[in-house]
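Descriptive analysis of the structure
So the chains spell out like this:
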Amino acid sequence: MLPPEDLRELLDLSRFLEQHTEPAALLGPDGEQIPLPVEVYEVLVRVVGAMRKRRAVTIAPLEQYLTTQQAADLLGISRPTLVKLLEAGKLPCEKPSGTRHRRLLLSDVLEYQERRRAERTDVLDQLVREAEEDGLYDPPAEDYLQAVREARAAVDSET
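Residues numbered from 1 in each chain as written. Predicted model: local features only at pLDDT ≥ 70, side-chain atom pairs only at ≥ 80, totals over all residues. Heavy atoms only, no water.

Further remarks concern the overall build of the chain. Regarding its fold elements, the chain presents six helices and four strands. Sequence-ordered secondary structure for the chain, helices as α and strands as β, is α-β-β-α-β-α-α-β-α-α. Its C-alpha atoms give the chain a radius of gyration of 25 Å, more than 25% over the compact-globule value 15 Å for 159 residues. Expressed along its principal axes, the backbone C-alpha trace of the chain runs to roughly 75 × 55 × 35 Å. Within the chain, the fraction of its 159 residues that count as buried is 19%. Residue pairs at least 24 apart in sequence account for 49% of intrachain contacts in the chain once pairs closer than 6 positions are excluded. (Helix = DSSP H or I, 4+ residues; strand = E, 2+ residues; numbered from the N terminus. Rg over C-alpha atoms; globule rule 2.2 N^0.38 Å. Buried < 20%, exposed > 50% of the residue type's maximum accessible area, 1.4 Å probe, protein only. Contact = heavy atoms within 4.5 Å.)

Following this line, the structure appears as C-alpha cells:
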C-alpha cells in the first residue's frame with residue numbers, strides 16, 4: 001500500500017497515535033465500537049509511522065510464499081545471488097512439481113535476514129574488541145596530529 005498523496009489526514013492520525021499510547025477502538029459507520037487488540041493497534045502505529053515517511057507498506061502472513069525475485073528484493077540482493085544461496089542450502093525453498101520455479105516462505109526469508117544481521121553484528125563486535133585490544137582507538141595524540149599535518153600538506157601540494 002502506497003502512502004496517500006495528501007498526507008494531512010495521515011499526519012493527524014499520526015499525532016493522535018503519538019498522544020495515545022493505549023490501544024484504541026474501531027468505530028463502525030453505524031456507531032458500533034469494538035476495542036482493537038494490542039497486536040492490531042501496534043501494527044496500525046507502525047503502518048502509520050512508515051506511511052508518514054512516504055514509505056510503502058506490505059502486510060503479509062508469514063506462511064506466504066515469495067518468488068525468488070520477491071525474496072531477493074526483500075533481502076536487498078540480486079536474484080542470481082539469492083539463487084546461489086538456495087543452491088548452497090543457506091535458505092530453504094520449494095519447487096512445485098513439474099516446474100523449475102522456486103518458492104520461498106516469507107518466514108524463512110525473514111529468519112535468514114535476522115540470522116545474517118546477527119552474524120554481521122557479531123563480526124563487527126569482534127572487530128571492535130580486537131581494535132580496542134590492539135590500542136587502535138587510542139592513538140598517541142602527537143602521532144595523530146602529525147598524520148593530520150602530513151595529509152594536509154599532501155592535499156595542499158596537489159592543488
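Here the narrative resumes.
A separate point is the pattern of salt bridges. Under the definition given, this model contains six salt bridges. A salt bridge links Asp6 to Arg8; its shortest N-O distance comes to 2.6 Å. Overall, the relative accessible area of 41% leaves Asp6 in the partly exposed class. (Salt bridge = Lys/Arg side-chain N within 4 Å of Asp/Glu carboxyl O.)

Among the secondary structure elements, Thr68 is positioned in helix H3 (residues 68–75). Polar side-chain contacts of Thr68 include one of 3.5 Å to the side chain of Arg79. Each residue touching Thr68, except ones within four places of it in the same chain, is listed here: Arg79, Leu82, Leu86, Arg102 and Leu104. (Polar contact = N/O pair within 3.5 Å; in protein donor to acceptor, adjacent residues only side chain to side chain.)

In this section: unusual backbone geometry. Excluding glycine, residues mostly have negative phi values, and the peptide bonds linking residues are mostly trans. Phi angles above zero are rare outside glycine, and Arg54 is one such case at about 65 degrees. Mapped onto the elements, Arg54 comes out in the loop between helix H2 (38–52) and strand S3 (65–67). Here Arg54 falls in the exposed class, since its relative accessible area comes to 52%.

As a packed pair, H3 and helix H4 (residues 79–87) sit with axes 9 Å apart at the nearest point and diverge in direction by 100 degrees. On the basis of the axis angle, H3 is roughly perpendicular to H4. In this structure, H3 uses Thr68, Gln69, Ala71, Ala72 and Leu75 to contact H4, whose residues at the interface are Arg79, Leu82 and Leu86. (Axes fitted to C-alpha atoms, helices over the stretch in contact; angles between N-to-C directions. Parallel < 35°, antiparallel > 145°, perpendicular 65-115°, else oblique.)

Moving on, we come to the confidence of the model for the chain. Across the chain, the average pLDDT comes to 88, with 96% of residues at 70 or higher. Here helix H6 (residues 141–158) stands out as the least confident element of the chain, with mean pLDDT 78; H4 is the most confident, with 96. (pLDDT = per-residue confidence, 0-100.)

Next up on the list: helix H5 (residues 106–133). Along its 28 residues, H5 runs 41 Å from first to last C-alpha, staying within 8% of the 40 Å computed at 1.5 Å per residue. Considered for burial, the residues of H5 that qualify are Leu106, Ser107, Asp108, Val109, Tyr112 and Ala131. In this structure, the buried residues of H5 make contact with S3, H3, H4 and strand S4 (103–105). Following H5 by one or two positions, Gly135 has its phi on the positive side, about 75 degrees. (Expected span 1.5 Å × (residues − 1).)

In this structure, Leu66, Ala71, Ala72, Leu75, Leu82, Leu85, Leu86, Leu91, Leu104, Leu106, Val109 and Tyr112 together form the largest nonpolar core, which totals 12 residues. Those elements giving two or more residues to this core turn out to be H3, H4 and H5. Not counting chain neighbours up to four residues away, the residues in contact with Leu75 comprise Leu82, Leu91, Val109, Tyr112 and Gln113. Grouped together as the second largest cluster of nonpolar side chains are nine residues, Leu10, Val47, Ala50 and Val57 included. (Core = buried A, V, L, I, M, F, W, Y, C linked by side-chain atoms within 4.5 Å.)

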